[in-house]
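Letter by letter, the chains look like this.
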Amino acid sequence: MLAQPLSALKKLSPSTLSHASYLAVAKTRAKALQAISLVVTVPRPQLFIGEQSCYELCDMMIHEGATKVLIVTDTVLNQLGIPDKITRYLEQNNIAYHLFDGITPDPTFSVVEAGLKHSVDNHCDAILALGGGSVIDASKIIAISQATGRKPKKLMGVLKASKCMPLYCIPTTAGTGSEATLGAVISDDKTHQKSLSIDPRMVPLASAVDPTIMQGMPAHITADTGIDVLTHALEAWMSVTATSETDYYAASATRLVMQYLPKAYANGDDLKAREQMGIAAHYGGIAFNKAGLGYVHAIAHQLGAHYGIPHGRANAIVLPYILDANRNVSKDRLAALARKTGVVDSDQPQANDDEAADYLIAQVRHLIADVNIDARVKDINPADFKKIAKGAAKEVRDTYTVPRYLTTAQIVAILHKIKAASDALST
Ligand SMILES: [Fe+2]
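Residues numbered from 1 in each chain as written. Predicted model: local features only at pLDDT ≥ 70, side-chain atom pairs only at ≥ 80, totals over all residues. Heavy atoms only, no water.

## Quick word on the overall build of the protein chain
Okay, step 1: What the protein chain contains, in helices and strands, is 16 helices and nine strands.
Okay, step 2: Over its C-alpha atoms the protein chain spans a radius of gyration of 21 Å, differing by no more than 12% from the 22 Å that the globule rule assigns to 427 residues.
Okay, step 3: Along the longest, intermediate and shortest principal axes, the C-alpha atoms of the protein chain span 60 × 50 × 45 Å.
Okay, step 4: Out of the 427 residues belonging to the protein chain, those deemed buried represent 56%.
Okay, step 5: Counting only contacts in the protein chain whose residues sit at least 6 apart along the sequence, the fraction spanning at least 24 positions is 78%.
Okay, step 6: In the protein chain, which carries 42 positive and 41 negative side-chain charges, the distance between the mean positions of the two groups comes to 10 Å. (Helix = DSSP H or I, 4+ residues; strand = E, 2+ residues; numbered from the N terminus. Rg over C-alpha atoms; globule rule 2.2 N^0.38 Å. Buried < 20%, exposed > 50% of the residue type's maximum accessible area, 1.4 Å probe, protein only. Contact = heavy atoms within 4.5 Å. Lys, Arg positive; Asp, Glu negative; His and termini not counted. Charge placed at Lys NZ, Arg CZ, Asp CG, Glu CD.)

## Considering the coordination of the iron ion
Okay, step 1: Distances from the iron ion to its protein donors, namely Asp228 (OD), His232 (NE2), His297 (NE2) and His311 (NE2), fall within the range 2.2 Å.
Okay, step 2: Because the angles between the four donor atoms bound to the iron ion fall within 85 to 169 degrees, the donor set is best described as irregular.
Okay, step 3: Binding-site remark: the iron ion is held by donors from one chain whose sequence spacing is D-x3-H-x64-H-x13-H. Taken as a pair, Asp228 and His232 lie in helix H8 (residues 219-238) at a separation of four residues, close to a single helical turn. (Donors = N, O, S within 2.8 Å, 3.2 Å for Na, K, Ca; no water. Tetrahedral: all angles 85-135°; square planar, octahedral: opposite > 155°, others 65-115°.)

## Section: the packing of H8 against helix H12 (residues 311-326)
A pair of packed helices is characterised by two quantities: the angle between their axes and the separation of those axes.
Okay, step 1: Put simply, H8 and H12 touch, their axes get as near as 8 Å, and they point 35 degrees apart. The interaxial crossing formed by H8 with H12 has left-handed handedness. Facing H8, whose interface residues are His220, Asp224, Ile227, Asp228, Leu230, Thr231, His232, Leu234 and Met238, H12 presents His311, Gly312, Arg313, Asn315, Ala316, Leu319, Leu323 and Asn326.
Okay, step 2: Looking at the contact of H8 with H12, its residues break down into seven nonpolar, seven polar and three charged. (Axes fitted to C-alpha atoms, helices over the stretch in contact; angles between N-to-C directions. Left-handed = near helix turned anticlockwise from the far one by under 90°. Nonpolar A, V, L, I, M, F, W, Y, C, P; charged D, E, K, R; others polar.)

## Notes on the pattern of salt bridges
Okay, step 1: As enumerated under the stated definition, the model contains 18 salt bridges in all.
Okay, step 2: The salt bridge involving Arg376 is made with Asp374; its shortest N-O contact spans 3.0 Å.
Okay, step 3: Two residues, Lys394 and Asp398, come together in a salt bridge whose shortest N-O distance is 2.6 Å. Residue Lys394 and its partner Asp398 are both found in helix H15 (residues 385-399); the two are separated by four residues, about one turn of the helix.
Okay, step 4: For Lys394, a relative accessible area of 42% translates into the label partly exposed.
Okay, step 5: When its relative accessible area of 14% is taken as the criterion, Asp398 is described as buried.
Okay, step 6: One connected set of salt bridges, linked through shared partners, spans Arg327, Lys331, Asp354 and Asp358. (Salt bridge = Lys/Arg side-chain N within 4 Å of Asp/Glu carboxyl O.)

## Side note on the environment of Thr246
Okay, step 1: Turning to its location among the elements, Thr246 is positioned in helix H9 (residues 244-266).
Okay, step 2: Distance from Thr246 to Gly292, taken between C-alpha atoms, is 9.8 Å for residues 46 residues apart in sequence.
Okay, step 3: Setting aside anything within four residues of it in sequence, one finds Thr246 in contact with Ala287, Lys290 and Ala291.
Okay, step 4: Here Thr243 takes part through its backbone nitrogen, which lies 2.7 Å from a polar atom of the side chain of Thr246. (Polar contact = N/O pair within 3.5 Å; in protein donor to acceptor, adjacent residues only side chain to side chain.)

## As for the domain arrangement of the protein chain
A common measure of how large an interface is: the accessible area buried when the components associate.
Okay, step 1: Under the domain assignment, the protein chain is made up of domain 1 (7-40 + 217-426) and domain 2 (46-214).
Okay, step 2: Using only C-alpha atoms to locate each centre, domain 1 and domain 2 end up separated by 27 Å.
Okay, step 3: With 19 residues of domain 1 at the interface, the matching set in domain 2 holds 20 residues.
Okay, step 4: Summed over both partners, the interface of domain 1 with domain 2 buries about 1,600 Å², with 68% contributed by carbon and sulfur atoms. (Domains from an automatic or database assignment. Buried area = accessible area lost by both parts, 1.4 Å probe.)

## Topic: the sheet that holds strand S7 (residues 183-187)
Okay, step 1: If you walk across this open sheet you meet the three strands as S5-S8-S7, and the pairing is mixed. At either end of the open sheet lies a strand with only one pairing partner, and these are strand S5 (157-158) and S7.
Okay, step 2: Strand direction decides the pairing type here: S7 and strand S8 (residues 194-198), joined by five bridges, are antiparallel. Residue pairing across strands places Ile186 opposite Ser195, the latter belonging to S8.
Okay, step 3: The strands that helix H6 (residues 133-148) touches are S7 and S8; relative to S7, the one it contacts most, it runs at about 100 degrees. (Pairing = 2+ DSSP bridges.)

## Here's the deal with the sheet that holds strand S9 (residues 206-209)
Sheet strands pair via backbone hydrogen bonds, and the direction of the pair is either parallel or antiparallel.
Okay, step 1: Strand order across the open sheet formed by six strands is S1-S9-S6-S4-S2-S3, with parallel pairing between neighbours. This sheet does not close on itself; its edge strands, each paired only once, are strand S1 (46-49) and strand S3 (96-100). Strand after strand, the sheet turns through a mean of 20 degrees between neighbouring axes, direction not considered.
Okay, step 2: As paired elements, strand S2 (residues 68-72) and strand S4 (residues 126-131) share four bridges and run parallel to each other. Each residue of the ladder has a partner; that of Leu70, found in S4, is Ile127.

## Focus: the packing of aromatic side chains
Okay, step 1: Summed over the entire model, instances satisfying the criterion amount to three aromatic pairs.
Okay, step 2: Pairing Tyr55 with Tyr89 gives two aromatic rings, centres 4.6 Å apart and planes at 25 degrees, and the pair type is stacked. Here Tyr89 lies in helix H4 (residues 84-92) and Tyr55 lies in helix H2 (residues 53-63), a separation of 34 residues in the sequence.
Okay, step 3: Taken together through their ring pairs, the aromatic side chains of Tyr248, Tyr249 and Tyr283 make up a single cluster. (Phe/Tyr/Trp six-rings, centres within 6.5 Å; stacked < 30°, edge-to-face > 60°.)

Structure, rendered in structure tokens:
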């Protein structure tokens, strides 16, 4: 995400804004971001795909000169034996490693510091992240902290890393796409406030999409993380900073999720579906890396913070409402995506833009229903809605380039719909 160049425009952000001022600030920032996105080059990791891809990634580490690898993961994955495939291969190739399994969800600075200490004390010269978004984000900060000798907290912000240790990723979920992005989020130990670090240097050297590593992911997590991928793709597609390059990756990710998420959800042992979902997650990461996200993520982040809903599920709950909100302004784009991805199939070649856009939105709703997303939001309370709406509006204004800006009242209205749907399911 090219979020941070906009922070240079902070002067434009008075704390209290009318909607007209909000629009003026947001549109000025969007124009700046649009200009920046055209000239900034974001590196890409080497991508290995398939059941042998873990080994191909290890071979690359070895060829690049790694002598002792810090494997970063979490205790659940370690107890499930997920790292075994890697550690056996490293042993066979006489490459030393040290395993750190202390990463927790929404990792804090102290978690990152602990991983850093393991890496430094064991003289590791390469880092292999084996896990979901939390593991990969923490690994990125360990890698730039060890390389620069700077404390993790000092590396939050934009372009703070002058260098990075060789970093490699093997995602265990098909979701965040963090293995393809230039950002990492770390939480404060006391306040739990999240800080973002953005630097192209933390893009991993290589990533492996190995379906056997993702095989054991429970169905509900497959569903949640899969809709996260779809949301990355759709928000990047609707962004006003989308380019032909981001469009290619966003459309490809959308097509893959539509085709393979139901299969991966229904049968976790379907390795073809797992692999295609892993590729979709990677492509989604590439797309939103440059085009950014939007209101779905902004509201989902708030729902996660207030009610503890997992990120992917929160996106799944919000996504249909934002597609509805954007439907008129993004009609042409949504129709184009429906045609490009084959969602409007050959039976409907005559569908006009209205029909194609509506069909795409309907298909997204069907997919969310098919994978049984739990739309209940425990303890959702209208007393929170204004605060949630303001927080989401601020995130959009400061970070994203959306096709349509919503008022606080419009966001509150969406939250009431989310509550009504949740209440209906709870009774
Ligand atoms: Fe996401």
